[in-house]
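If you want the building blocks of each chain, they are given just below.
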Amino acid sequence: MKVNANIVTADDSAAELDRLAELAEDVIHRARAAGASQAEVSASVSSGLSVNVRLGEVETVERNRDRGFGLTVYFGQRKGSASTADLKPASIEATIAQACAIARFTEPDPYAGLADAALMQTDFPDLDLWHPWRLDVDRAIEIGREVEAAGHAHDAITNSEGAGVQGGDALGVYANSHGFVGRERGSHHSISCSLIAGQGDAMQRDGWYEYVRDAHEFPAFDAIGRKAADRAAARLGARKLSTRECPVLFVPEVARSLIGHLVGAVSGGALYRRASFLLDHAGKPVLPDFVRIVEKPFLPRGHASASFDGEGVATGESALVERGVLQRYVLGSYSARKLGLQTTGNAGGVHNLEVAAGSVDGSAFGFDELLRKMGTGLVVTELIGHGVSIVTGDYSRGAAGFWVENGAIVYPVQEITIAGNLRDIFMQMQAIGTDVDLRSSILTGSILIGKMTIAGE
Amino acid sequence: MDSPLALAERSLLAPGGLSTHDLERVFSRVMAPSIDAADLYFQHSRSESWVLEDGIVRDGSHSIEQGVGVRAVSGDKTGFAYSDDIVLPQLLEAASSARAIARDGNGAGKPLAVRGTRALYPADNPIDGMDNAAKIALLRELDALARSLDSRIKQVIVSVNATHDSVLIAAADGTLAADVRPLTRVNVQVIAEQNGRRESGYSGGGGRCAYRELIESGRAHGWAREAVRQALLNLDAVDAPAGTMDVVLGPGWPGVLLHEAIGHGLEGDFNRKGTSAFAGRMGDKVAADGVTVVDDGTLPGRRGSLSIDDEGTPTHCTTLIENGRLVGYMQDKHNARLMGMAPTGNGRRESFAHLPMPRMTNTYMLAGEHDPAEIIASVERGLYAVNFGGGQVDITNGKFVFSANEAYLIEHGRITRPVKGATLIGSGPDVLTRVAMLGNDLKLDEGVGVCGKEGQSVPVGVGMPTTKITAMTVGGTQAGVGNG
């Protein structure tokens, strides 16, 4: 592990958070004075630097600083929202007036309102999310050059889309008229590289990226470029497959989308609209016995770690799936009330899901072992398109990857689709690997599905 | 009626005490001998949305965004910064930041000169153009209509939204231009339920027009009927076939095929960098005889249309493929300059906080001569796909997908059963060479397209006539059904 990052600890983020909190409380106070029975405010400030280097030269240098605040007011059961990126007093005044004006036209919704006051978080542990990176333009260019050059050195690489280096910090406050004020600060930094491998007239592009809370966690910069190059080169000579049914192994970067579809199908909005293929499935099996999925909101440096959700409700560690059985839904207070249930602290989404490694045989396997276990089938490394219906579970997406025989990769594959119904795809899960991808808030290894339909020639 | 420039100066520059003279001062800060181009993009944007769900107009929201983006270009290097405060000190600071890519020096831009533009849409604000009570009434009407059409409709979600965008563009090449852009949209989504099976239906549309236009033309009510029709149809759909077969695409929105299969691959940036599967293929035969595809930003009132692009260039109707041959790319100023070509009015950006790049406007294929019924009758066994969700393309290897959400089997020249949605996959440089028949029924979409590229979203349009493509891969679940 090498460390080139220049880290600062002293900053004015605490004072800036105090200013945002003061603004939020003032806006709530004024909304109440205007007649709102309840009000909530989100306010944020973020800033960053993004540099792209292509073929050794700087291509773009972008600085960003974004501000904004959004207000929701309730007049009894009537709701109105307004937001602005302009924090001047006159604009704030106009935004409050707008939200109140809208609430005069919306209709009483018996389920509308803030989450219950008793559920507000009172304990705000430090989740180690704040690691600003004092990245200057020259240093970012230097890193980008190193990353791209390492990848470009690969024999098969003929062109480049460049290397990107980004550093960013965000401060946010959520406050509501229960008196809750929650402060959050977090940094996110990334380094990416996208390269093109050529062979005759054929070109293949692939890349790699790293995404971290703390720049010290980046691996050696040249390794990112080399990995991007290896991935692009491995796709050269890709063929179509004939139409068939076979096992499919999703690598972690795409496996997490399957878990994302599960979350979508058990989320409050899909359930109360009856727009899910997993209605009324709490307490029922949705995955094979060996599968365990736990939400872990307090993971230090986790990409979605938070001690309170988008409504101020205290988050907590809790199982979503245990022995394949769905333990609960993913709810905010509005959908919970509509379903006659209690919020699960998921307004705004899940806060890190850990998918435990395992298999139908009881053992856990790494990627190479999973290949052997699959024997003959398809490894999917990329999915394109949007052919997934959460209403019916029907699934049909474009895919690229590798054909595997006797546990070994034989050739790259492209221009095929994989299809099935998510209900069956979930129940056909044979194994979840130990090769966990840490760059996401859904922490899963590769996922082996017993059988899907491949459409090709 | 004031010109867009007068309107934009009043809403964008005057509140911060700025005049166009001050903008020339900013350019003198940006320009240096090594700076080839620079521009300022001022924007003020207001938007609203109203949502009805479970029979209740339960949510309404309003937002305001404004700011200025400053860009400086030196060779193929671009420096960019923005500020959400439109006042001189912030503007000068952003200018210094953007020009950091160049060495020191002093220069000046050309004097700013106003460019006359034709207006393709009214400057009126659609948000204020209809009172809130009328918007609520529309939502309720569409909800009641959808529910009245069939008792199997269990859920209806209707939303309307509108944006009013004022932009002012000043560039060191002397460009001074402004545009005031309305955009409205109506969406209807329904869930139908029968014997425990649930299906959804969606329809919607809009354009650069007032809400009233969508209502008085009967289009809004038509979308409610259409959403219901689709959901009910899907209740009876059987599994889609898997494999390679002839595909007939219906007219209109299936034009998303063109957007994915060839549109992105013909954007100037990818071709300058040589990363597109179409790079270096100008003049080549890339489609069957008779296939002509254009990108046309000049259609009045269309969702993808612009009077001027986001660099102040008037939009064009650019021919991309003419009678099967590749003849044009879509360009912004930056890529056009580096490639020694002319800008085509395709320089677009999501907002002041984003860099412009070559983007599509309304992309469509011209009509052919065949009666659509004749096209269906020519297919022994295949798929008739009339409605699509989204698509995606890898511009480097050219592979693209797009997903049907309304499709039918064609058996012995007749449309038989509806089938479930399936993803269609193909190769951009290849698919149009297999266009076998073109209908005489060119149609543009209803106005729902959103295109994403490098994290930036912009509204677009597509269109095509009924089109037969031989041997496309259809990604259903029923292996063996379509191969016969």
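Residues numbered from 1 in each chain as written. Chains lettered and ligands numbered in written order. Predicted model: local features only at pLDDT ≥ 70, side-chain atom pairs only at ≥ 80, totals over all residues.

Our focus in this paragraph is the sheet that holds strand β8 (residues 293-295) of chain A. All names here are of chain A. The sheet built from 5 strands is open, its strands ordered β10-β9-β8-β11-β17 with mixed pairing. What marks the edges here is a single partner per strand, and that holds for β10 (325-326) and β17 (442-443). Judged from the 2 bridges that link them, strand β11 (residues 353-355) and β17 form a sheet pairing that is parallel. Bridge pairing in β17 places E354 opposite L443. (Pairing = 2+ DSSP bridges. Helix = DSSP H or I, 4+ residues; strand = E, 2+ residues; numbered from the N terminus.)

Within helix α8 (residues 256-263) of chain B, 8 of the 8 residues are buried, which leaves the element mostly enclosed by the surrounding structure. Taken together, the buried positions of α8 of chain B are occupied by V256, L257, L258, H259, E260, A261, I262 and G263 of chain B. (Buried ≥ 20, exposed ≤ 12 C-beta atoms within 10 Å, placed from the backbone.)

This part takes up the domain arrangement of chain A. All names here are of chain A. For chain A, the domain assignment lists domain 1 (13-234) and domain 2 (244-455). Placing the centre of domain 1 and that of domain 2 at their C-alpha centroids yields a distance of 25 Å. Listed by partner, the interface residues are 22 residues for domain 1 and 19 residues for domain 2. Elements with a contribution of two residues or more to the side of domain 1 that touches domain 2: β4 (157-176), β5 (181-199) and β6 (202-212). (Domains from an automatic or database assignment. Contact = placed C-beta atoms within 7 Å.)

With that out of the way, let us pick up the packing of helix α2 (residues 20-30) of chain B against helix α3 (residues 88-98) of chain B. Residues and elements named next belong to chain B. Contact geometry for α2 and α3: axes closest at 9 Å, N-to-C directions at 25 degrees. Here α3 runs roughly parallel to α2, going by the angle between their axes. Regarding α2 and α3, the two cross each other, and that crossing is right-handed. On α3, the residues that touch D22, V26, R29 and V30 of α2 are L88, L91, L92, A95, S96 and A98. Counted by class, the contact of α2 with α3 contains 7 nonpolar, 1 polar and 2 charged residues. (Axes fitted to C-alpha atoms, helices over the stretch in contact; angles between N-to-C directions. Parallel < 35°, antiparallel > 145°, perpendicular 65-115°, else oblique. Left-handed = near helix turned anticlockwise from the far one by under 90°. Nonpolar A, V, L, I, M, F, W, Y, C, P; charged D, E, K, R; others polar.)

Another point: the pairing of strand β3 (residues 78-84) of chain A. Of all 7 residues in β3 of chain A, 7 are buried, a share of seventy percent or more. Alternating residues of β3 of chain A divide into R78, G80, A82 and T84 of chain A and K79, S81 and S83 of chain A, and every residue in both groups is buried. Between the antiparallel neighbours strand β2 (residues 57-75) of chain A and β3 of chain A lie 2 residues, among them G76 of chain A with a positive phi of about 65 degrees. Direction of pairing for β3 of chain A relative to strand β2 (residues 56-74) of chain B: parallel, over a ladder of 4 bridges. Considered in β2 of chain B, the bridge of S83 of chain A is made with S63 of chain B.

Across the contact, 64 residues belong to chain B and 60 residues belong to chain A. Sorting elements by how many residues they give to the side of chain B that touches chain A places β2 of chain B first, with 11 residues. For the side of chain B that touches chain A, the class distribution of residues is 21 nonpolar, 30 polar and 13 charged.

Residue and element names in this part refer to chain B. In strand β14 (residues 362-365), alternate side chains face the same way, and those of N362 and Y364 on one face and T363 and M365 on the other are all buried. Here strand β9 (residues 293-296) pairs with β14 via 3 bridges, running antiparallel. By the bridge assignment, D295 is partnered in β14 with T363. Pairing of β14 with strand β22 (residues 456-464), which is carried by 3 bridges, proceeds in the parallel orientation. In the sheet register, N362 faces β22, and the bridge partner there is G461.

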